[in-house]
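# Per-entry structural report
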Amino acid sequence: MSESLHIVCPSCDAVNRVPRERLGESARCGKCRGALFTGTPVALDESRFARHVERGDLPLLVDFWAPWCGPCRAMAPAFEAAARQLEPRVRLVKVNTEEAQGLAARLGIRSIPTLALFRGGGEVARTAGAMDTRAILSWVRPLV
């Protein structure tokens, strides 16, 4: 019997069990029928963030950003390109620190953009500053 992973739907946040070997096969949510992997970062608020971190088995690469931040906006296309290359092994998400101030404070986000990698419900690595796609991939791949 193959190992199944819990994958949180990027649309409805339902938790789906997907066999590890079928991650790359256009998996769909059992509740909303939406694609479980879209190759684009998922925007999360505080409650959705908690569900993805606590219930999902995939590593979660989070871009903490704000709309007024020039380096954040400059890094956005690189983060999107990284999502296309890292899914389905890693879920990439964006958290707007202006809208999720409580979460940013709890996690000690002091500068933006900040990338943080979560696995197994906890943070395992963090780096601050804008990066291009190659730098994002080089930073995260050894960690997953």
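Residues numbered from 1 in each chain as written. Predicted model: local features only at pLDDT ≥ 70, side-chain atom pairs only at ≥ 80, totals over all residues. Heavy atoms only, no water.

## Overview of the pairing of strand β7 (residues 122-128)
Look at any regular strand and the pattern is simple: side chains alternate between the two faces of the sheet. Our working definition: When DSSP finds two or more bridges between two strands, those strands count as paired. Note on conventions: DSSP H or I runs of at least 4 residues are helices, E runs of at least 2 residues are strands, and numbering of each starts at the N terminus.
By the bridge criterion, six bridges tie strand β6 (residues 114-119) to β7 in an arrangement that is antiparallel. What sits directly across from leucine 117, in β7, is alanine 125. The antiparallel hairpin formed by β6 and β7 contains two residues in its connecting segment, where glycine 120 sits at a positive phi of about 65°.

## Some details on the packing of aromatic side chains
Here is the rule we go by: Ring geometry is summarised as follows: Phe, Tyr and Trp rings, the Trp one being its six-membered ring, pair when their centres sit within 6.5 Å, and such pairs are stacked at plane angles under 30 degrees, edge-to-face over 60 and tilted between the two. By the criterion adopted, a ring carries a charge over it if an Arg CZ or a Lys NZ lies within 6 Å of its centre and within 35 degrees of its normal.
Scanning the model with the defined rule gives two aromatic pairs in all. Grouped by ring-pair contacts, the aromatic residues Phe49, Phe64 and Phe118 constitute a single cluster. Against the face of tryptophan 65 rests lysine 94, its NZ or CZ located 5.2 Å from the ring centre.

## Here we look at helix α4 (residues 133-140)
The α-helix advances 3.6 residues per turn, and as a result positions three or four apart in sequence lie on the same side. The following threshold applies: To sort residues, take the accessible area from a 1.4 Å probe on protein chains only and compare it with the maximum for the residue type: under 20% means buried, over 50% means exposed, and anything in between is partly exposed. The directions considered for the arc are those from the helix axis to the C-beta atoms. The contact definition used throughout considers only heavy atoms, calling two residues in contact when any of these lie within 4.5 Å.
Considered for burial, the residues of α4 that qualify are Thr133, Ile136, Leu137, Trp139 and Val140. Angularly, the buried residues of α4 cover 165° about the axis, an arc narrow enough to put them on a single face. Where α4 is buried, its residues touch β4 (60-65), α2 (70-86), β6 and β7.

## Section: the environment of aspartate 132
Where we set the bar: N or O atoms closer than or at 3.5 Å make up a polar contact, with two conditions inside protein: a donor-capable atom paired with an acceptor-capable one, and, for residues adjacent in sequence, both atoms drawn from side chains.
With respect to the helices and strands, the residue aspartate 132 is situated in the loop between β7 and α4. Overall, the relative accessible area of 43% leaves aspartate 132 in the partly exposed class. Between the alpha carbons of aspartate 132 and valine 144 there is a distance of 19 Å; along the sequence they are 12 residues apart. At a separation of 2.8 Å, a polar atom in the side chain of aspartate 132 contacts the main-chain amide nitrogen of alanine 135.

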